[in-house]
Number of protein chains: 2
Amino acid sequence: MNEVKLFSPATVANVSCGFDVLGFCLDAIGDEMIIRKTVEKGIKITKIEGYDLPFEVEKNVAGVSALALYHDANPDCGFEIEIYKHIKPGSGVGSSAASAAGSVYGMNLLLGSPYSPLELTAFAMKGEALASQCEHADNIAPTLFGGFTLVKSLDPLEVLQIPTPADLFAVVIHPQIEIKTADSRKILPESISLKNAITQWSNVGSLIHGLHTNDYELISRSLNDVVVEPFRSQLIPGFERIKRTALESGALGTGISGSGPSVFNLCKSEATAHKIEQAIRVDYKKQEIPFEIYVSKINLDGIKQIN
Amino acid sequence: MNEVKLFSPATVANVSCGFDVLGFCLDAIGDEMIIRKTVEKGIKITKIEGYDLPFEVEKNVAGVSALALYHDANPDCGFEIEIYKHIKPGSGVGSSAASAAGSVYGMNLLLGSPYSPLELTAFAMKGEALASQCEHADNIAPTLFGGFTLVKSLDPLEVLQIPTPADLFAVVIHPQIEIKTADSRKILPESISLKNAITQWSNVGSLIHGLHTNDYELISRSLNDVVVEPFRSQLIPGFERIKRTALESGALGTGISGSGPSVFNLCKSEATAHKIEQAIRVDYKKQEIPFEIYVSKINLDGIKQIN
């Protein structure tokens, strides 16, 4: 095998109460990538379609993560990377994570899979750091592991796979404005009230319990963010409108996807997801901002080979 | 049935990372109470043994919780309460919660069980509030539900029962000093860093996951408290000594029980629990403070009738 074609999915990080630690994997949107072994040593990015991103390996998240693995593995070959970008950079659904995870996942397959998903996560974090100026794994983990993940700690890196109830669906709306992760980090306070912190960790605990017990109503009651959403939602025009419409249409919860501007909604059943999608589609037009919206099941497999 | 005799167990609240929301129930120590129907209406406390506590109903936590249920039920009878107190007030293992839960649990049995455990929790919280100047349920919930509990919210009151791995044991040491809950609340900061809050909710999430998956090592890695312990441990002479000794003897984790001064240790297997108990027993003598120490399995049933 000298070449693999991959689907590297979009992901939702934070998931309301789980700022910086929780995430889940989407199915309806993702990048395609081709990773190819070359006789010539080193890493090359030979094609980028979809969005205007740097071909220079050191300036491209897929390139930086690839280099991290490459230097560790020190193989007798090189790799070419082709990126067919469908996830818009800066949309808040793990665009950089998909790129960063894709290159290392593909290279690992071509090398005979010497690395575990956790080790791949560590390599991909090097690429992610280029995009967001700090190493984090809350998008990379669900990209590589699938389903819901909890990044328990970064040092040492530890990722937990949390069970996903079978009927859980996501509706993601992406208002076509850009929010940079670094900017949306700046808006956050350095300290929070102990009272709000307690509310937040109570919700994280009950969300994990709800996911384990398939308790959709508890999941709904746990999808609250009293810490980050009050600040970041100000950067997203019509956030409260989306939330109200989604909840009226049967959503279990609505929150900011990663650092925004995308907004995710979780619900039970595909039919409800389409109902929510339609309602938001009609209502958000009043906001007069172009947007994309899609329905996705939770992707239990994560990134995968498609050739 | 005109009389019930009860065992109302001690409990450990907070459980390191889960300040104000998590708790678990002990088996080795608890109060005994007798609740008796009387023809004469009203609530009377007719006997208190073990510790010097007020007989005046309005000044006794068991009395206050009893009154809350009594006014709601408005029965054609009255109740007498006898309290055989084994849990020292102010020891940090839910002494007031045991009293507050006991009276309402017994009255409910004698009335034909019209109230759910959740409703009894709400009544018992009225008594608990007398002891700690604020309503909380993190000791009452495990007393009434057994096992591990997460108090998801107080308004509306919601208690989650979290699974308990079968081999989990607790070792609790009670240095014979008194710390009042109200005093140990005063020592806490009103705000905490976002960074520490994230660490804490990551640990809460992973502890719940570890309890669901019987992952003792994960439970161990989750039993960390970066928010409250750094402050409250200063009030407990030799806390770091206990922690070091317990961890060296195989404890999964060590933390402050409730607001202290008791310190709990969790471990896998009864044999390890006795090893930890012995090691602390020898080592804590150097502290020159009298103490009691006991080994307990996790009590899955909670409060129960014993006649």
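Definitions and cut-offs
- Residues numbered from 1 in each chain as written.
- Chains lettered and ligands numbered in written order.
- Predicted model: local features only at pLDDT ≥ 70, side-chain atom pairs only at ≥ 80, totals over all residues.
- Least-squares fit on C-alpha atoms with pLDDT ≥ 70 in both.
- Contact = placed C-beta atoms within 7 Å.
- Buried ≥ 20, exposed ≤ 12 C-beta atoms within 10 Å, placed from the backbone.
- Helix = DSSP H or I, 4+ residues; strand = E, 2+ residues; numbered from the N terminus.
- Pairing = 2+ DSSP bridges.
- Axes fitted to C-alpha atoms, helices over the stretch in contact; angles between N-to-C directions.
- Domains from an automatic or database assignment.
- Left-handed = near helix turned anticlockwise from the far one by under 90°.
- Nonpolar A, V, L, I, M, F, W, Y, C, P; charged D, E, K, R; others polar.
- Right-handed = clockwise from strand over helix to strand, strands pointing away.
- Core = buried A, V, L, I, M, F, W, Y, C linked by C-beta atoms within 7 Å.

(A) Molecular detail of the relation of the copies chain A and chain B. The transform that puts chain A on chain B rotates by 180° and translates by 0.0 Å along the axis, for an RMSD of 0.0 Å. Both copies are brought into coincidence by an operation consistent with a two-fold rotation axis. Same-surface contact between copies: 100% of interface residues of chain A are shared with the interface of chain B.

(B) Molecular detail of helix H9 (residues 239-248) of chain B. All names here are of chain B. For H9, the set of buried residues is Phe239, Ile242, Lys243, Thr245 and Ala246. Summarising the contacts, the buried residues of H9 are in contact with strand E7 (168-175), strand E9 (253-256), strand E10 (263-268) and helix H10 (270-284). Trailing H9 by a residue or two, Gly250 shows a phi angle of about 105°, which is positive.

(C) Inspection of the sheet that holds E7 of chain B at higher detail. All names here are of chain B. Taken together, the four strands give an open sheet; going across it, the order is E9-E10-E7-E11, and neighbouring strands pair in antiparallel fashion. The open sheet has two free edges, formed respectively by E9 and strand E11 (291-297), since each of these has just one partner strand. Here the strands of the sheet are splayed against their neighbours by 20° on average, with no regard to which way each runs. Note: E9 against E10, four bridges, orientation antiparallel. By the bridge assignment for E10, Gly255 is matched with Phe264. Seen against the sheet, H9 touches E7, E9 and E10 and runs at an angle of roughly 160° to E9. The strands touched by H10 within the sheet are E7, E10 and E11, with E7 carrying the most contacts at an inclination of about 15°.

(D) Quick peek at the environment of Glu82 of chain A. All names here are of chain A. Its place among the elements puts Glu82 in strand E4 (residues 78-84). Judged by local crowding, Glu82 falls into the partly exposed class, with 19 C-beta atoms found within 10 Å. In this structure the C-alpha to C-alpha distance between Glu82 and Asn203, which are 121 residues apart in sequence, comes to 41 Å.

(E) Quick peek at the domain arrangement of chain A. All names here are of chain A. Structurally, chain A comprises domain 1 (3-162) and domain 2 (168-297). Here domain 1 and domain 2 have C-alpha centroids that lie 24 Å from each other. Contact residues are listed per partner, giving 23 residues for domain 1 and 34 residues for domain 2. Broken down by secondary-structure element, the contributors of at least two residues to the side of domain 1 that touches domain 2 are strand E1 (3-13), strand E2 (22-38) and helix H3 (117-132). Here the element with the most residues in the side of domain 1 that touches domain 2 is E2; it accounts for four residues.

(F) Region of the structure containing the packing of helix H1 (residues 61-73) of chain A against H3 of chain A. Residue and element names in this part refer to chain A. Where H1 meets H3, the axes come as close as 7 Å, and the angle between the chain directions of the two elements is 145°. Taken as a pair, H1 and H3 cross one another with a handedness that is right-handed. Contact with H1, carried on its side by Val61, Ala62, Val64, Ser65, Ala68 and Leu69, involves Phe123, Ala124, Lys126, Gly127, Glu128, Leu130 and Ala131 of H3 and no other residues of that element. When grouped by side-chain class, the residues that make up the contact of H1 with H3 number nine nonpolar, two polar and two charged.

(G) Layout of unusual backbone geometry. Residue and element names in this part refer to chain A. Omega for the bond connecting Asp155 with Pro156 falls within 30 degrees of zero, at 5°, which places this linkage in the cis form. With respect to the helices and strands, Pro156 occurs in the loop between strand E5 (148-154) and strand E6 (157-162). Even without a glycine there, the phi angle at Val15 is positive, about 55°. For Ser16, which is not a glycine, the phi torsion comes out positive at approximately 65°.

(H) Structural view of the interface of chain A and chain B. Every contact between the two is made by 27 residues of chain A and, on the other side, 27 residues of chain B. At the level of secondary structure, the elements contributing two or more residues to the side of chain A that touches chain B comprise E5, E6, strand E8 (191-193) and helix H6 (194-212) of chain A. Per-class residue counts for the side of chain A that touches chain B are 14 nonpolar, 10 polar and three charged. In the sheet, E8 of chain A pairs with strand E8 (residues 191-193) of chain B via three bridges, with the strands oriented antiparallel. Across the sheet, the residue bridging to Ile192 of chain A is Ile192 of chain B, located in E8 of chain B.

(I) Representation of the pairing of strand E3 (residues 42-49) of chain B. All names here are of chain B. Sheet topology note: the E3/strand E4 (residues 78-84) ladder contains seven bridges and is parallel. Residue pairing in the sheet places Gly42 in a bridge with Gly78 of E4. Taken together, E3, helix H1 (residues 61-73) and E4 form a β-α-β motif whose crossover is left-handed.

(J) Looking closely at the nonpolar core. Core analysis: the biggest nonpolar cluster contains 187 residues, and Ala66, Ala101 and Ala124 of chain A together with Ala66, Ala101 and Ala124 of chain B have the highest contact counts within it. When residues no more than four places from it in sequence are discounted, the contact partners of Ala66 of chain A are Ile43, Phe79, Ile81, Ser103, Val104 and Met107 of chain A.

(K) How the structure looks around the packing of helix H2 (residues 95-110) of chain A against H3 of chain A. Residue and element names in this part refer to chain A. Two elements in contact, H2 and H3, have axes whose closest approach is 8 Å; the angle formed by their N-to-C orientations is 145°. H2 and H3 meet at a crossing whose hand is right-handed. On the side of H2, the interface is formed by Ser96, Ala97, Ser99, Ala100, Ala101, Val104, Tyr105 and Asn108, while H3 contributes Leu120, Phe123, Ala124, Gly127, Glu128 and Ala131. Looking at the contact of H2 with H3, its residues break down into nine nonpolar, four polar and one charged.

(L) Geometry of the sheet that holds strand E11 (residues 291-297) of chain A. Residues and elements named next belong to chain A. In space, the four strands of this open sheet follow the order E9-E10-E7-E11, with antiparallel pairing throughout. Of all the strands in the sheet, just strand E9 (253-256) and E11 have a single pairing partner and so form its edges. On average, each strand axis in the sheet is tilted by 20° relative to the strand beside it, whichever way the strands run. Note: strand E7 (residues 168-175) against strand E10 (residues 263-268), six bridges, orientation antiparallel. Its bridge partner lying in E10, Phe169 is registered against Cys267. Taken strand by strand, helix H9 (residues 239-248) contacts E7, E9 and E10, and its axis lies near 160° from that of E9. In this fold helix H10 (residues 270-284) packs onto E7, E10 and E11, with an angle of close to 15° to the strand it touches most, E7.

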